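# Structural description and commentary
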Amino acid sequence: MNLNTILQVKKKAASIAVAGIIFPMVMAPCLYAIHRKFYGSNVIRLEESTSNAYLLWTLVLTVTGFPVVAHTLSELKLLYTGLGKAALTAAMISDTYGWILFTLLVPFSINGKRAVYSVLSTILFIVVCIFVVRPIILRLIERKTDKEEWDDNQLLFVVMGVLACSYITDILGTHGIVGAFVYGLILPHGRFADLVMSISDDFAGGFLAPLFFSGTGMRLILSAIFYQANWALTLLIILLLCVPKILSTLFATFFFGLRTRDGLALGLLLNTKGAMALIMLNIAWDRGIFSLPTYAVITSAVLLMTVVVSPIINAIYKPRKRFEQNKLKTIQKLRVDAELRILACVHNARQAAGMISIIETFNATRLSPIHVFALYLIELTGRAAALVASHIEKPSSQSGVQNLTRSQAELESIANTFDAFGEAYDTVRIETLNVVSAYATIHEDIYSSANEKRTSLILLPFHKQLSSEGALEVTSVVYKDINQNVMQRASCSVGIFVDRDFGSIPKMNLRILMLFVGGPDDREALAVAWRMAGHPGIRLSVVRILLFDEAAEVDTSIHAEAQGILSAVMDSEKQKELDDEYVSSFRLTAVNNEDSISYSEIDVHTGEDIPAVLNELEKIGCDLYIVGQGNCRNSRVFSNLLEWCDCSELGVIGDILASNNFGSRSSLLVVQQYGYGGMVFGKNLNHVATNNDGFESLFVKTE
């Protein structure tokens, strides 16, 4: 639990959390009284001592399960939206207040008249742990962590401290989990916490937690609800138990001007229960405070509160809905005087440096500044709530580098790199974000971030990086899967950057070569190159590859089933008209007015001409290639070549240029335009054999 976040929380989140505690505390005793009045059974009687039952019934309805909220938000891909951040912070505060109430009030239900002494002795124990034990443990653990001296035996003694603290608080009359919680608070966070959790997470989450939850489930006898004549009213009470926290959150959010839909979603999230609620229920059962019917009613309500959250929020908030079309989500349709918003995704600090080098060429001006959202992608493994909580805010450098986890240290390095870039340019704004999610679904978080930030371009790093020998080596195959997933349903245009030490090239003498074949992706790539050409010192060469004869044949197999051959041919003609119109506009506006921009055309007649053309252009040389991914080209030659591509997300030309066999030392930017449907990966296209007798001669027309 991040105490710094709790202490520095904003007024809105704190007010929502407090409202979600006070109102249920007022309503819960009333609902318990109604339950006692209407439950009538001669077979099973309710508990006789009601004061302790009132107390635990109220506490169960008051608490919020922060780990459950974090997991639910992550699953719904709402974690990094405005709603998700507000819910996560409010849940953390509510969970903290829940622990305080648990420590102060539960002893009164366990120890009766001696409860005051239990509370005072527990408070004294907490003070000793924080101000006496913690400084000693911190010095010892940090020294060993810095020197990496930990072994399994030493870690075992540290973990046994949990049992010792639990035993002490149990003797004092408070529940043993309070001691374990206090022990967790006094241990240093950061790398040491990661080390301990990596060792204990599998055992605790895979063995102990299932035993605990199964034990709670075996005590639940739902038939006890129906042992009496007023079972319908009892079911109504179970539903009413879910209402107080939702209503209080709605009132609080209405006061702060939030939409009703967001207030309802926030109330549902804060109404989820976790392990603490089940611990209170177990205490009530073990001590005989709750009878069988009361236990069944309150436990059923807790399960209902938690189970219904995901489907209801999914229905009212629809976090996975497709994004609406917006012309500002492409570079081509962006106004000349509009701010260019870029979402730059990185996995490490090295990729951050590469992203900065390519963003620098986008020519930020006072007329059209650039707003960069640097998104650090972190894999969610194991303890979801702890990892998410540690990344709610950027790590503070005051705590020292040794206290940061690996991902926190990486985030700080990435943030410093991008901040330095922002300080160097007055026309560039920087905002560093992070996403903690499973790699299998992290593309949905990227969609949400891009949609919320209204970006026109998502920049992704290639899954290979330059080695010391000058070849591209695989960094992680998972990065390739992420890139492909993003390109399939991205909420704006997408660019994949293949970095071959692009940052080492001075931007005042930069040669860019843009290859234009045709289609929406190539028009978007030309728009990107056109914008870069405005940067002083950059020379842009645009080469249009004109397809003739066999190379110009339309691939009708892709559209044959859905639209028919005629539709495919008409679509191809329409795309060609759009290509000619945009290229003519480029030549008229840019080529004729700028000496640093040149345009030429190359005729291609067969599929084998394409590698030959690329080899000829490589001899001329450039520092950066810009190409379109090639979706919607409707060319049979390119469809056939795509089957043999190792990296289909780069398209045919991009795959050739990025191949180590091609031998290029130039970096590469592959662009996909938003609005025409993402690339479908892994689709088996119909292979059409072609007979080629050799390379056709190249006919180049230069202006």
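Residue indices follow the written sequence of each chain, beginning from 1 at its first position. Totals for whole chains, interfaces and linings use every residue, but because this is a predicted model, local features are given only for residues with pLDDT of at least 70 and side-chain atom pairs only at 80 or more, for both listing and counting. The side-chain quantities take in all heavy atoms of the structure and omit both hydrogens and water.

The next point concerns the overall build of the chain. Each helix corresponds to a stretch of at least 4 residues labelled H or I by DSSP, and each strand to a stretch of at least 2 residues labelled E; elements are numbered beginning at the N terminus. Secondary structure assignment for the chain yields 25 helices and 13 strands. Nonlocal contacts in the chain, meaning residues at least 24 apart in sequence, comprise 80% of its contacts between residues at least 6 apart. Total accessible area computed for the chain in this model is approximately 31,900 Å², and 58% of it derives from carbon and sulfur atoms. Two residues qualify as a contact provided that any one of their heavy atoms is within 4.5 Å of a heavy atom in the partner residue. Note on areas: Shrake-Rupley, 1.4 Å probe, and residue coverage restricted to the protein chains presented here.

Time to look at unusual backbone geometry. With the exception of glycine, the majority of residues adopt a negative phi angle, and the majority of peptide bonds are in the trans configuration. Of note, the phi angle at Arg-454 is positive, near 55°, even though the residue is not glycine. Relative to the helices and strands, Arg-454 is located in the loop between helix H19 (442-453) and strand E4 (457-461). Positive phi outside glycine occurs at Asp-501, with the angle close to 60°. Overall, Asp-501 belongs to the partly exposed group, its relative accessible area being 45%. Each residue is placed in one exposure class: buried if its accessible area under a 1.4 Å probe, protein chains only, is under 20% of its type's maximum, exposed if it is over 50%, and partly exposed if it falls in between.

Turning next to the pattern of salt bridges. Pairs can form between side chains of opposite charge whenever their charged atoms are close. Salt bridge criterion: a side-chain nitrogen from Lys or Arg within 4 Å of a carboxyl oxygen from Asp or Glu. Enumeration over the complete set of coordinates arrives at 14 salt bridges. Lys-77 is the salt-bridge partner of Asp-445, the closest N and O atoms lying 3.0 Å from each other. Linking Asp-445 in helix H19 with Lys-77 in the loop between helix H4 (66-76) and helix H5 (82-111), this pair joins segments that are 368 residues apart in sequence. A residue is classified by how much of its surface remains accessible, and Asp-445, at 4% relative accessible area, is buried. We note a salt bridge from Arg-259 to Asp-262, for which the minimum N-O separation is 3.1 Å. Judged by relative accessible area, which is 48%, Arg-259 ranks as partly exposed.

Once that is clear, we can look at the nonpolar core. Ile-358, Phe-418, Ile-458, Leu-515 and Ile-626 are the most contacted members of the largest nonpolar core, which totals 135 residues. Sorting elements by how many residues they give to this core places strand E2 (residues 370-379) first, with eight residues. Excluding residues within four positions of it along the chain, Ile-626 makes contact with Ile-512, Leu-513, Met-514, Leu-515, Ala-525, Val-528, Ala-529, Met-532, Leu-669 and Val-671. Buried residues of nine kinds, namely Ala, Val, Leu, Ile, Met, Phe, Trp, Tyr and Cys, make up a nonpolar core once their side-chain atoms join them within 4.5 Å. Core analysis: the second largest hydrophobic core is formed by 55 residues, Leu-31, Ile-137, Ile-279 and Leu-281 among them.

Attention now goes to the environment of Arg-665. Secondary-structure assignment places Arg-665 in the loop between helix H25 (651-658) and strand E12 (667-672). Each C-alpha atom, one on Arg-665 and one on Asp-499, is 9.7 Å from the other, the two residues being 166 residues apart in sequence. With near-sequence residues (within four places) excluded, Arg-665 lies in contact with Gly-470, Arg-500 and Glu-618. Any pair of nitrogen or oxygen atoms within 3.5 Å is treated as a polar contact; in protein, a donor-acceptor pairing is required on top of that, and neighbouring residues in sequence qualify only through side-chain atoms on both sides. A polar contact of 3.0 Å, which involves the side chain of Arg-665, links it to the backbone oxygen of Gly-470.

Along helix H16 (residues 349-359), nine of the eleven residues are buried, which leaves the element largely enclosed by surrounding structure. Along H16, the residues classified as buried are Ala-349, Gln-351, Ala-352, Gly-354, Met-355, Ile-356, Ser-357, Ile-358 and Ile-359. Its side-chain oxygen placed 3.2 Å from the backbone nitrogen of Arg-350, Asn-348 serves as the N-cap of H16.

Right, let's talk about the pairing of strand E10 (residues 597-604) for a bit. Within E10, seven of the eight residues are buried, which leaves the element mostly enclosed by the surrounding structure. Being paired, for any two strands, means DSSP has found at least two bridges between them. Pairing analysis gives eight bridges linking strand E9 (residues 538-547) to E10, with the strands arranged parallel. Paired with Leu-540 across the strands is Ile-597, a residue of E10.

Any two of the Phe, Tyr and Trp rings considered here, Trp counted by its six-membered ring, make a pair once their centres fall within 6.5 Å; the pair's planes then place it as stacked at under 30 degrees, edge-to-face at over 60, or tilted in between. Scanning all chains against the criterion turns up 14 aromatic pairs. When the centroid spacing of 5.4 Å and the interplanar angle of 85° are considered together, the rings of Phe-255 and Phe-256 count as edge-to-face. Of the residues examined, Phe-256 reaches a relative accessible area of 29% and is grouped as partly exposed.

With that out of the way, let us pick up the side chain of Asp-579. Here Asp-579 is to be found in helix H22 (residues 565-591). Beyond its immediate stretch of four places on either side in the chain, Asp-579 contacts Phe-516, Gly-518, Gly-519, Arg-523 and Arg-544.

Bringing the environment of Lys-464 into the picture now. Structurally, Lys-464 can be placed in strand E5 (residues 464-466). Overall, the relative accessible area of 22% leaves Lys-464 in the partly exposed class. Not counting chain neighbours up to four residues away, the residues in contact with Lys-464 comprise Leu-472, Glu-473, Val-474, Thr-475 and Cys-647.

Any two packed helices are characterised by how steeply their axes cross, that is the angle between the axes, and by the distance between the axes. Here an angle of 0 to 180 degrees is reported between the N-to-C directions of two axes, which are lines fitted to C-alpha atoms, with helices fitted over the stretch in contact. Two elements in contact, H19 and helix H20 (residues 477-488), have axes whose closest approach is 9 Å; the angle formed by their N-to-C orientations is 45°. Between H19 and H20, the interaxial angle falls into the category oblique. In this structure, H19 crosses over H20, and the sense of that crossing is right-handed. Residue-level inspection shows Ile-442, His-443, Ile-446 and Tyr-447 of H19 in contact with H20, the latter providing Ile-482, Asn-485 and Val-486. Angular relationships are summarised with four words: roughly parallel below 35 degrees, roughly antiparallel beyond 145, roughly perpendicular across 65 to 115, and oblique for the angles in between. Left-handed describes a crossing whose near helix is turned anticlockwise from the far helix by less than a right angle; the clockwise case is right-handed.

We now examine the pairing of strand E3 (residues 428-437). In terms of burial, E3 is a largely internal element, seven of the ten residues being buried. In the sheet, E2 pairs with E3 via ten bridges, with the strands oriented parallel. Note that in E3 the partner of Ile-370 across the bridge is Val-428.

Direction vectors running N to C along H5 and helix H6 (residues 115-147) enclose 145°, while the axes themselves pass 8 Å from each other. Both H5 and H6 take part in a crossing whose hand is right-handed. Contacts between H5 and H6 involve Thr-103, Leu-104, Pro-107, Phe-108 and Asn-111 from the former and Ala-115, Val-116, Ser-118, Val-119, Thr-122, Ile-123 and Ile-126 from the latter. When residues are sorted by character, Ala, Val, Leu, Ile, Met, Phe, Trp, Tyr, Cys and Pro go into the nonpolar class, Asp, Glu, Lys and Arg into the charged class, and all the rest, Gly among them, into the polar class. Taken together, the residues that form the contact of H5 with H6 break down as eight nonpolar, four polar and no charged.

Before going further, it helps to examine the side chain of Thr-330. Tracing the backbone through its elements, the reader meets Thr-330 in the loop between helix H15 (309-317) and strand E1 (340-346). Side-chain polar atoms of Thr-330 contact the backbone nitrogen of Lys-333, separated by 3.2 Å.

The next thing to look at is the state of the cysteines. For the purposes of this analysis, a disulfide is any pair of cysteine sulfur atoms at a distance within 2.5 Å. Tallying each qualifying case throughout the model produces zero disulfides. Free cysteine: Cys-345, not disulfide-bonded; nearest cysteine sulfur from Cys-492 at 9.2 Å. Overall, the relative accessible area of 0% leaves Cys-345 in the buried class. Just so you know, Cys-647 is unpaired, no disulfide at all, and the nearest cysteine sulfur is the one on Cys-645, 8.4 Å from it.

Further remarks concern helix H21 (residues 520-532). The span expected for a helix works out to 1.5 Å for each residue beyond the first. With 13 residues, H21 should cover 18 Å at 1.5 Å per step; its first-to-last C-alpha distance of 19 Å lies within 8% of that length. For H21, a buried count of twelve out of 13 residues is recorded, marking the element as mostly surrounded by other parts of the structure. The set of residues buried in H21 consists of Pro-520, Asp-521, Asp-522, Arg-523, Glu-524, Ala-525, Leu-526, Ala-527, Val-528, Ala-529, Arg-531 and Met-532.

The next thing to look at is the confidence of the model for the chain. The predicted model of the chain has a mean per-residue pLDDT of 83, with 86% of residues at 70 or higher. By mean pLDDT, strand E13 (residues 700-702) is the weakest element of the chain at 37, and E4 is the strongest at 97. Scored from 0 to 100, pLDDT records how confident the predictor is in each individual residue. For residues 320-325, every residue scores under 50 in pLDDT, and the model assigns this stretch 15 contacts once sequence neighbours within four places are set aside. Long-range and interchain partners of residues 559-566, a stretch whose pLDDT sits below 50, account for four contacts in this model, where long-range means more than four residues apart.

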